[in-house]
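Remarks on the overall topology
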Amino acid sequence: MSFYDVIHSYNWNEIQKEIGRRTVEDVERALAARTPGLDDLMSLLSPQAEPFLEQMAQRAHRLTLQRFGRVMGMFAPLYLSNVCTNRCVYCGFNAGNAITRLTLTPEEAGTEGESLRRMGFRTVLLLSGEAPQVITEEYLKRVLERLRPRFSSIGIEMFPMAEKRYRELIGQGVDGLTLFQETYDETSYGEFHPGGRKCDYRWRLEAPERGGAAGFRRLGIGALLGLNDWRVEGFYVALHASHLLKTCWKSQLAVSFPRLRSSAGAYEPRFPVADRHLVQLICALRLFLPDVGFTLSTRELAPLRDCLIPLGITTMSAGSHTEPGGYSRPGKGGAQFEVADGRSPGAVAEALRRTGYEPVWKEWDAASAFA
Amino acid sequence: MKTKIKADDPLIIAGRSFGSRLLLGTGKFSSARVMKSALKASGTEIVTVALRRVELDNARDSILSAVDVGRYLLLPNTSGARNAEEAVRLARLARAAGCEPWIKLEVTPDPHYLLPDPIETLKAAEILVREGFTVLPYINADPVLAKRLEEVGTATVMPLGSPIGSNRGLKTRELIEIIIEKARVPVVVDAGLGAPSHAAEAMEMGADAVLVNTAVAVAGDPVAMARAFKKGVEAGREAFLAGLGSPRKTAEASSPLTGFLR
């Protein structure tokens, strides 16, 4: 049974109503549970849980500390191309946006990688728009040949692919797959993704389990916060995570919390998520998923990022550029979104140390898996 | 018969003698400086390091540069390996980089509970022993697996007390007792020990040593906690050597049923 089948046994509107019906007593019961279940999670995501935020934060902190320690995994995104055939209404790379389109040559990708390596990064996340005619198999192979010697761990965040293709990429040195569903609500998914291959909700939804079956060591999922009611979205992210923990039991799972920011298309989020609600979401999910990694990008402002560190975040990016070539030649191509935390990786590392956390640049040695 | 208390009571692994029976891990610490002070306070002589975390070719690596190899045996571990093949490769990388051929073997296909895979662990142990490594395998508390590993030539067995990082103590007590009873190699209780009392309990049972990481690294004061574990281990060992009375569930009156026989 794939997650597509699982998700069909739940109804978005019903979940929304159920969360709205939760009482203070439900929240208290959820907080008393040793291992909160899906039912408890709905209570923790509800408006009635808001007065309990500090209590939830304390518990989220303790759980994260015990499971992950006083360390923070560091990674950097490397944008290979902003060419895209999709028309996602909220994205700077939308095919209809008038931005400078750019695809790095494999040599340029190597130069970008070298810049990141010099900043201290050993874990890199490769990104692109959905442009299979540009991001070809041969192209990626040549990019990976240049990046493999420079990084101990390489992830991809691209368009969904077939299991066979994922296997090939693993053979070429990729160990992580990140793919956000954007929204788990199938109806509005269609409205947000009116053109391009991304229209196919199911192909995207099932990609993480195809990745798990192919053998990725790390899987990352998430919803784009701002598209829909975050409380319901949070429930579905947790449901997806539970499914992956059972089906892809050998992959380390991570959940990201990308909050929509202004981009070239000037999209205004339909359901803006306030800071305190972002905190509630992170804490509720941590209580439900104590062993899952939580990722925070530079979409958030530095002061907020620093405060979120102890609440459950386990990996973060730093010094990011979301335009291709941004590390060696900033500002040439159009960016996917505006970075809010513009501090250098060194400055972020320093902030972590001040908060009592050790930045960890290397968490896996691909040399042991890659002959 | 009671074991005599010896002033000199070293832990011997693969012919090498250690004064401390507490092994310490290096993960989860807030900084290399705190870790270094905790190692010192614990009195440990064996320090494990995750190969996946360190850069063996980088002399300034934050963990490696904080562990004084003149003072501690640096015991690299294969954490993160999901199968025998990956674990063997990690071990070879460490030896090629100049580490001593000692390896703490961890094969954990499930990255969330980090429970060890018995089949792959045995497979990797066979290969590594054959290649001349001194192998210290992390295992579930499985007495038969412990014997099988001993037979292929591992230097210790390291059964878990409860899932790693869980701080829940000796949940596998009954099985660890059997492992200790049968073992001809040192038994090091690894994983799940959350308090010095847990460490003392393992030592009182007759474990040869314990390994601790999370409980020290994430304590409010890791240095003080390291010191507390040192005392817990020493107290437990001393109690074991002194010969503990067996615990009784009820108070025992003096011969209420057989007194007439006198």
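The rules behind the values
Residues numbered from 1 in each chain as written. Chains lettered and ligands numbered in written order. Predicted model: local features only at pLDDT ≥ 70, side-chain atom pairs only at ≥ 80, totals over all residues. Heavy atoms only, no water. Helix = DSSP H or I, 4+ residues; strand = E, 2+ residues; numbered from the N terminus. Rg over C-alpha atoms; globule rule 2.2 N^0.38 Å. Buried < 20%, exposed > 50% of the residue type's maximum accessible area, 1.4 Å probe, protein only. Pairing = 2+ DSSP bridges. Contact = heavy atoms within 4.5 Å. Salt bridge = Lys/Arg side-chain N within 4 Å of Asp/Glu carboxyl O. Polar contact = N/O pair within 3.5 Å; in protein donor to acceptor, adjacent residues only side chain to side chain. Nonpolar A, V, L, I, M, F, W, Y, C, P; charged D, E, K, R; others polar. Core = buried A, V, L, I, M, F, W, Y, C linked by side-chain atoms within 4.5 Å. Axes fitted to C-alpha atoms, helices over the stretch in contact; angles between N-to-C directions. Left-handed = near helix turned anticlockwise from the far one by under 90°. pLDDT = per-residue confidence, 0-100. Phe/Tyr/Trp six-rings, centres within 6.5 Å; stacked < 30°, edge-to-face > 60°. Lys NZ or Arg CZ within 6 Å of the ring centre and 35° of its normal.

Remarks on the overall build of chain A
- For chain A, the count of helices and strands is 15 helices and 9 strands.
- Its C-alpha atoms give chain A a radius of gyration of 20 Å, within 12% of the compact-globule value 21 Å for 371 residues.
- C-alpha atoms of chain A, sized along the principal axes, occupy 60 × 45 × 40 Å.
- For chain A, the proportion of its 371 residues judged to be buried stands at 63%.

Description of the pairing of strand S5 (residues 73-77) of chain B
Residues and elements named next belong to chain B.
- Counting buried positions along S5 gives 5 out of 5 residues, so the element sits mostly inside the fold.
- Here S5 shows a buried face lined by Leu73, Leu75 and Asn77 and a second buried face lined by Leu74 and Pro76.
- With 5 bridges joining them, strand S4 (residues 46-50) and S5 adopt parallel strand pairing. Looking at the pairing, Ala50 lines up with Asn77 of S5.

What about the interface of chain B and chain A?
- The partner chain A presents 33 residues to the 34 residues of chain B that form the contact.
- Put simply, chain B and chain A have 1 salt bridge between them.
- A salt bridge links Arg217(A) to Glu86(B); the shortest N-O distance between them is 3.0 Å.
- For the interface between chain B and chain A, the tally reads 17 residue pairs in polar contact (both at pLDDT 80 or more).
- Put simply, the parts of the chain that give the side of chain B that touches chain A at least two residues each are helix H2 (84-96) and helix H7 (214-217) of chain B.
- Per element, the largest residue contribution to the side of chain B that touches chain A is 4 residues, and it comes from H2(B).
- A breakdown of the residues in the side of chain B that touches chain A according to their chemical character gives 14 nonpolar, 11 polar and 9 charged.

A few points about the nonpolar core
- Within the largest apolar cluster, 101 residues are counted, with the highest numbers of intra-cluster contacts made by Leu126(A) and Tyr184(A).
- Once residues within four sequence positions are removed from consideration, Tyr184(A) is found in contact with Phe3(A), Ile7(A), Trp12(A), Tyr201(A), Leu205(A), Ile221(A), Gly222(A), Ala223(A), Glu233(A), Tyr236(A), Val237(A) and His240(A).
- Val34(B), Ala84(B), Leu122(B) and Val233(B) belong to the second-largest nonpolar core, a separate cluster that totals 62 residues.

Some details on the packing of helix H6 (residues 106-119) of chain A against helix H7 (residues 137-147) of chain A
All names here are of chain A.
- The geometry of H6 relative to H7 is characterised by a closest axis approach of 9 Å and an angle of 35° between their N-to-C directions. Handedness of the H6/H7 crossing: right-handed. For the pair formed by H6 and H7, the contact residues are Pro106, Glu107, Ala109, Gly110 and Gly113 on the first element and Tyr139, Arg142, Val143, Arg146 and Leu147 on the second.
- Along the lines of polarity and charge, the residues of the contact of H6 with H7 split into 5 nonpolar, 2 polar and 3 charged.

A few points about the packing of H2(B) against helix H3 (residues 118-130) of chain B
Residues and elements named next belong to chain B.
- For the pair H2 and H3, the least separation of the axes is 8 Å and the interaxial angle reads 35°. For the element pair H2 and H3, the recorded crossing hand is right-handed. Residues Ala84, Ala87, Val88, Ala91 and Arg92 of H2 form the contact with H3, whose own contacting residues are Glu120, Lys123, Ala124, Ile127 and Leu128.
- Tallied by class, residues from the contact of H2 with H3 come to 7 nonpolar, no polar and 3 charged.

Quick notes on the confidence of the model for chain B
- Mean pLDDT over chain B works out to 88, with 90% of the residues at or above the 70 mark.
- A low-confidence stretch, residues 1-5 of chain B (pLDDT under 50), is modelled with 5 contacts involving residues beyond four sequence positions or located in other chains.

Quick word on the packing of aromatic side chains
- If you walk through the whole model with that rule in mind, you get 12 aromatic pairs over all chains.
- A ring pair is formed by Trp12(A) and Tyr236(A), whose centres lie 5.3 Å apart and whose planes are at 15°; its orientation type is stacked. Of the two residues, Trp12(A) is situated in helix H2 (residues 12-21) and Tyr236(A) in helix H12 (residues 230-247); the sequence distance between them amounts to 224 residues. Of the two residues, Trp12(A) and Tyr236(A), neither departs from the other in class, the shared state being buried.
- Among the aromatic residues, those joined into a cluster by ring pairs are Phe3(A), Tyr10(A), Trp12(A), Tyr184(A), Phe235(A) and Tyr236(A).
- For Arg67(A), the ring lying beneath its charged end belongs to Phe68(A), and the centroid distance is 4.9 Å.
- Over the ring of Phe133(B) we find Arg95(B); its NZ or CZ atom is 4.1 Å from the centre of that ring.

Some remarks on the pairing of strand S6 (residues 252-256) of chain A
Residues and elements named next belong to chain A.
- Of all 5 residues making up S6, 5 are buried, and the element is well covered by its neighbours.
- Where burial is concerned, the two faces of S6 agree: the one with Gln252, Ala254 and Ser256 and the one with Leu253 and Val255 are both buried.
- By the bridge criterion, 5 bridges tie strand S5 (residues 218-222) to S6 in an arrangement that is parallel. Each residue of the ladder has a partner; that of Leu219, found in S6, is Leu253.

Things to note about the environment of Arg305(A)
Residues and elements named next belong to chain A.
- Tracing the sequence through the fold places Arg305 in helix H14 (residues 302-308).
- Residue classification places Arg305 among the buried positions, given a relative accessible area of 0%.
- Between the alpha carbons of Arg305 and Gly331 there is a distance of 24 Å; along the sequence they are 26 residues apart.
- If we ignore the near neighbours within four places in the chain, the residues touching Arg305 are Leu296, Ser297, Thr298, Glu300, Met316, Ser317, Ala318, Asp341, Arg343 and Val348.

A closer look at the side chain of Asn77(B)
- Positionally, Asn77(B) belongs in strand S5.
- Engagement of the side chain of Asn77(B) in a polar contact is seen with the backbone nitrogen of Ser79(B), the distance being 3.0 Å.

Some points on the side chain of Ser115(A)
Residue and element names in this part refer to chain A.
- Mapped onto the elements of the fold, Ser115 is located in helix H6.
- Assessed through its relative accessible area of 14%, Ser115 is described here as buried.
- Setting aside chain neighbours within four positions, we find Ser115 in contact with Tyr327 and Ser328.

A closer look at unusual backbone geometry
- Its identity as a non-glycine residue notwithstanding, Lys28(B) has a phi of 70°, on the positive side.
- By the secondary structure assignment, Lys28(B) is in the loop between strand S3 (22-25) and helix H1 (32-42).

Here we look at the pattern of salt bridges
Residue and element names in this part refer to chain A.
- Tallying each qualifying case throughout the model produces 41 salt bridges over all chains.
- A salt bridge links Arg165 to Glu137; the nearest nitrogen and oxygen atoms lie 3.9 Å apart. Of this pair, Arg165 sits in helix H8 (residues 163-171) while Glu137 is found in helix H7, placing the two residues 28 residues apart along the sequence.
- Residue class for Glu137 comes out partly exposed when judged on its relative accessible area of 47%.
- Arg270 is the salt-bridge partner of Glu191, the closest N and O atoms lying 3.7 Å from each other. Separated by 79 residues along the polypeptide, Glu191 in helix H9 (residues 186-192) and Arg270 in the loop between S6 and helix H13 (275-288) bring together distant segments of the chain.
- Residue classification places Glu191 among the partly exposed positions, given a relative accessible area of 45%.
- The partly exposed category is assigned to Arg270, whose relative accessible area is 46%.
- Through salt bridges with shared partners, a single network forms among Glu18, Arg21, Arg22 and Asp39.

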